[in-house]
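Descriptive analysis of the structure
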Amino acid sequence: MNQIDSIAVALISILTLLYFYRIRMRHVFLAIAIVLGLFNSYLDLISLVSMALLCGTLYLSSYHKKLPRRSGQFFCVALGLALSFHMLPGFHNIKVIDSLFLSPDTVPYTMYFNLDKQLAALAFLELLTFNRGMRSLRRGLKGFLVFAVPVALILIGAGYSLAWLRWEPKVPSFLALWMLKNLLFTCVSEEVFFRGFIQSKALATGTKYSSYLVIGVVGVLFGLVHFQGGLVYVVLASIAGFIYGLAAYRLKSLEAAIFTHFTVNLIHIVFFTYPRLA
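Since the model is a prediction, treat every value here as computed from it, not as a measurement. (Residues numbered from 1 in each chain as written. Predicted model: local features only at pLDDT ≥ 70, side-chain atom pairs only at ≥ 80, totals over all residues. Heavy atoms only, no water.)

With respect to helix H10 (residues 231–251)
As a reminder of what qualifies: We count a stretch as a helix when DSSP gives it H or I for four or more residues in a row; a strand needs E for two or more, and each element gets its number in order from the N terminus. For a helix, the expected span equals 1.5 Å multiplied by the number of residues minus one.
With 21 residues, H10 should reach 30 Å at 1.5 Å per residue; the first-to-last C-alpha distance of 30 Å fits that figure. Immediately beyond the C-terminal end of H10, within one or two residues, lies Lys252, with a positive phi of roughly 50°.

Below, the structure is given as structure tokens:
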């Protein structure tokens, strides 16, 4: 990662925190980031079309009661997934690790700082209201281990029984960079989308179904988007997604889901084969 890449990653990381807590001047920082992104070829002009479409649909479906909200929300989900899977043009994501084998019998690991996925998360953060802020942060910090420890144990047991991982403690040389990427570019963006948007909107509809059933369905959706890792990964991610949803729901804190998610991922890379056995 060169110096320009480092500046870009630092700027997007700061933007994520600014937008998460709605700190003043965030729009100024975003404008600077977009100009620098265009100037340094991280973004093409067409990328702004995708972002404008997402922001416009989010705004209209959230604040205009006479418009078909549910259709707009489904369209937002589709756009969010398209950006997460890098299906829309104009974004040049930053690759920092390319096909690295952490162990001889694991699959190779590649790491990107994904600008499309993160800019989508900023749009959801700006235009939606859900449980976040200093009170939510305190609740999350106080309670997330109640969820992180059980889900870690469940996933470890399932991973062992399915020959998906094994005990392999290590401290990779890139761990600090991985932690930054995983916390802000993976856990925040995924929890904002799945728990902050999809789960909160589904629960707010007043559905006749149990809240826990709704959380479970969102957890399965979370698992399904990890299909590229194989069937076992889908099952494990679905279990994890259900617990992350429980953490957000029970503690009324999006940060609780983020911290739970990050703790599980950190335990995985430090103590077990990563990303998985071949």
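Observations concerning the layout of surface pockets
It is a probe the size of a water molecule, rolled over the atoms, that shows where empty space is left. Which entries qualify depends on this criterion: Space inside and on the surface of the protein is sampled on a 1 Å grid over the protein atoms alone, with a cavity defined as a set of points where a 1.4 Å probe fits but cannot get out and a pocket as an open set with protein on both sides within 12 Å along at least 5 of 7 lines; lining residues have an atom within 4 Å of a point. Grid points are joined across faces, edges and corners, and a volume is the space filled by probe spheres set on the points.
Within this model, the largest pocket holds a volume of roughly 1,500 Å³. Looking at the lining of the largest pocket, the elements that each hand over two or more residues are helix H4 (69–84), strand E2 (109–113), helix H5 (115–127), helix H7 (145–161), helix H8 (175–204), H10 and helix H11 (254–271). Among the elements that line the lining of the largest pocket, the one with the most residues is H8, at 9 residues. Around the second largest pocket, the lining comprises 16 residues; the ones closest to its centre are Phe74, Ile198, Lys201, Ala202 and Thr205. Counting only elements with at least two residues in the lining of the second largest pocket, the list comes to H4, H8 and helix H9 (211–224). Per-element accounting of the lining of the second largest pocket gives the leading share, 5 residues, to H9.

Here's the deal with the pattern of salt bridges
Applicable threshold: A pairing counts as a salt bridge when a side-chain nitrogen of Lys or Arg comes within 4 Å of a carboxyl oxygen of Asp or Glu. We call a residue buried when its accessible area falls under 20% of the maximum for its residue type, exposed when it is over 50%, and partly exposed in between, using a 1.4 Å probe and counting protein chains only.
One pass over the structure, following the stated rule, counts 6 salt bridges. In this structure, Lys95 and Asp98 form a salt bridge, with 3.7 Å as the shortest nitrogen-oxygen distance. The class for Lys95 is partly exposed, based on a relative accessible area of 38%. For Glu168, the salt bridge is made with Arg166, and the minimal N-O distance between the two is 2.8 Å. On the accessibility criterion, Glu168 (16% relative accessible area) is buried. Linked by salt bridges that have partners in common, Asp105, Arg166 and Glu168 make up one network.

Describing the pairing of E2
Just so we agree on the cut-off: DSSP calls a pair of strands paired once it identifies at least 2 bridges connecting them.
Here E2 shows one buried face, formed by Tyr109, Met111 and Phe113, and one open face, formed by Thr110 and Tyr112. With 4 bridges joining them, strand E1 (residues 94–100) and E2 adopt antiparallel strand pairing. Among the inter-strand pairings, Lys95 is bridged to a residue of E2, identified as Tyr112.

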